[in-house]
Structures are given as C-alpha cells and as structure tokens.
Amino acid sequence: MKQTPVKRSSQKSTISDFDEPTPKNSPENVDFDIVRYFNDGKSHKKLLVFASNERKQCYEYVFVKTPLSYYGCNKCFAQKKVIKIKTETHEDGSRTFDFDTDKHICEPIEYLPENYQSLIIDSSNFKFEKRPVKGKIHPLLIIFASDDKNMCYKFGFDTCHNMFFCYECKKQYRNFTARFIQYEEKTAIEVNRLEHICKPQKYIP
Ligand SMILES: [Zn+2]
Ligand SMILES: [Zn+2]
C-alpha cells in the first residue's frame, strides 16, 4: 500500500480509521536504534546507526525539528557538515527513515549499550486493534506491560497530532506517545522519551 506522506509536521491528519501501518525505510536493512540517554539529569532522544555488524561502533544523530524534520549527525555538525537522515511522517502517524546520507567526515564512536535505553518495542509486545467507540471504528494500540500479556497500556490515535497517545496518561496531562516504524525489517513501535504516569490496566481481548 502506498502511503501519502504528510508534507509538514504541522499538517493535521484527516484520517481516523486505518489498518495497521506498515512503514518501510529505505534501505530496509540498516541496523539502527532509537534510544533515550541521560545527560545533566535530563533525558534526550537519539538515533544510533551502527557502523559495523557487531554493533561495536555507531554514529549518533539528534532530531532537528524544522519544517522538514530530520536526524542530523552531531559530530559532523560540529565540523560544519550536515549529514541528514530524512524522516517522513505519514497520515496514519507512522514514520519512515531515509538512511541514504552523504559520507560522514566524522569517525563513528564506540557503542556503549549501558549508556542508552531503547525506545523501540517489537511486535511481540504490542497489538493493533480496531474498536467501535460511539458507533465509529477507531484504531487502538495495545502495548503490553507484562510478559504474560495480562496487563497493558492503551493508546488511541490523535488526528490533531498525528500519533498515538496513552489514554490514561493523557487524562493526567502527560503526553506519552507512540508511532509505528520499521525496525529490523519488521513493523515496530517507537515511544517518546517520557515514562507513563498511569498504571497498566488488565487486558481484555
Ligand atoms: Zn558524522
Ligand atoms: Zn500511560
């Protein structure tokens, strides 16, 4: 299925009912991770692209929010070279990455996994459903909170912000968000760098 790209991040989505998104990166086989790391007591988000198959070295990218959002290599930027991984946000809230970049002038850094926490949830830990609400069908994203899948967090799609929000966190004014991405050539979920302030609920299929 060809997806219609949302041209600008400020553009509002118009669809409120859709099937499970199947975003595709280009190329699809790049080894990367989206992570949270702590610096000065604050959490930040980074995109890591591994420079070797064994995940020994990586390039670190930070999100640059302009009308055309992208991830830029920090170390190259320090040397006045802009290396961009372009992202596209689709109408169903999914995000795709274009990993075709210019050549870095920086050297990759050593990958130290203990410095980062992945923000990617793989397909065994979530479920996409459609449920009727007031006579209309709405997409519902279930993210499991336990291995036995008895407990979960429920996310509804917000057409104004074009992403999924945790319902219970939103009631408490916390924007815990999620969107579909492609990871390790499968459909996965990327969450933002915050923590839930809500409690998981019993999952009723
Ligand atoms: Zn670089
Ligand atoms: Zn929550």
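As the structure is a computational prediction, the values presented were derived from the model and not from experiment.

Asker: Mind showing me how you'd approach the overall build of the chain here?
Answerer: Tallying secondary structure elements over the chain gives two helices and 17 strands in all. Against the compact-globule benchmark of 17 Å for 205 residues, the chain has a radius of gyration of 18 Å, which places it among compact chains. Oriented by its inertia axes, the alpha-carbon framework of the chain measures out at about 55 × 35 × 30 Å. Here the chain holds 205 residues, and 26% of them are scored as buried. In the chain, the proportion of contacts linking residues at least 24 apart, taken out of those at least 6 apart, comes to 52%.

Asker: Looking at this structure, how should I read the nonpolar core?
Answerer: Nonpolar side chains in soluble globular proteins tend to be buried together. With 18 residues, the main nonpolar core has L141, I143, F155, F164, F165, A178 and I189 as its most contacted residues. Mapped by element, the contributors of at least two residues to this core are β12 (136-144), β13 (151-158), β14 (163-166), β15 (177-183) and β16 (186-191). When sequence neighbours within four positions are dropped, the list of residues in contact with F155 reads L141, I143, F164, F165, C166, Y167 and A178. Judged by nonpolar contacts, the second largest core, of 16 residues, contains V35, C58, Y70 and F97.

Asker: For this particular structure, what's the right way to read unusual backbone geometry?
Answerer: Negative phi characterises most residues that are not glycine, and trans characterises most peptide bonds. Here the amide bond leading from S26 into P27 is cis, since omega sits at -15 degrees, within 30 degrees of zero. Among the secondary structure elements, P27 is positioned in the loop between β1 (5-6) and β2 (32-39). Positive phi is not limited to glycine here, since K149 has a value of about 65 degrees. Along the chain, the position of K149 falls in the loop between β12 and β13. Taking the C-beta count within 10 Å as the criterion, K149 has 14 such neighbours and is therefore assigned partly exposed. Even without being a glycine, E184 presents a positive backbone phi close to 50 degrees. Topologically, E184 is positioned in the loop between β15 and β16. What makes E184 partly exposed here is the crowd of 14 C-beta atoms within 10 Å.

Asker: Which parts of the structure should I look at to understand the pairing of β15?
Answerer: Successive side chains on a regular strand alternate, one facing one side of the sheet and the next facing the other. For β15, the buried fraction is high: seven of the seven residues fall into the buried class. The side-chain alternation of β15 yields two buried faces, one formed by T177, R179, I181 and Y183 and the other by A178, F180 and Q182. Relative to β15, β14 runs antiparallel, the two being bridged by two bridges. If you follow F165 over to β15, its bridge partner there is T177. Hairpin geometry of β15 and β16 is characterised by an intervening segment of two residues between the two adjacent antiparallel strands and by a positive phi of about 50 degrees at E184.

What counts, and at which threshold
- Residues numbered from 1 in each chain as written.
- Chains lettered and ligands numbered in written order.
- Predicted model: local features only at pLDDT ≥ 70, side-chain atom pairs only at ≥ 80, totals over all residues.
- Helix = DSSP H or I, 4+ residues; strand = E, 2+ residues; numbered from the N terminus.
- Rg over C-alpha atoms; globule rule 2.2 N^0.38 Å.
- Buried ≥ 20, exposed ≤ 12 C-beta atoms within 10 Å, placed from the backbone.
- Contact = placed C-beta atoms within 7 Å.
- Core = buried A, V, L, I, M, F, W, Y, C linked by C-beta atoms within 7 Å.
- Pairing = 2+ DSSP bridges.

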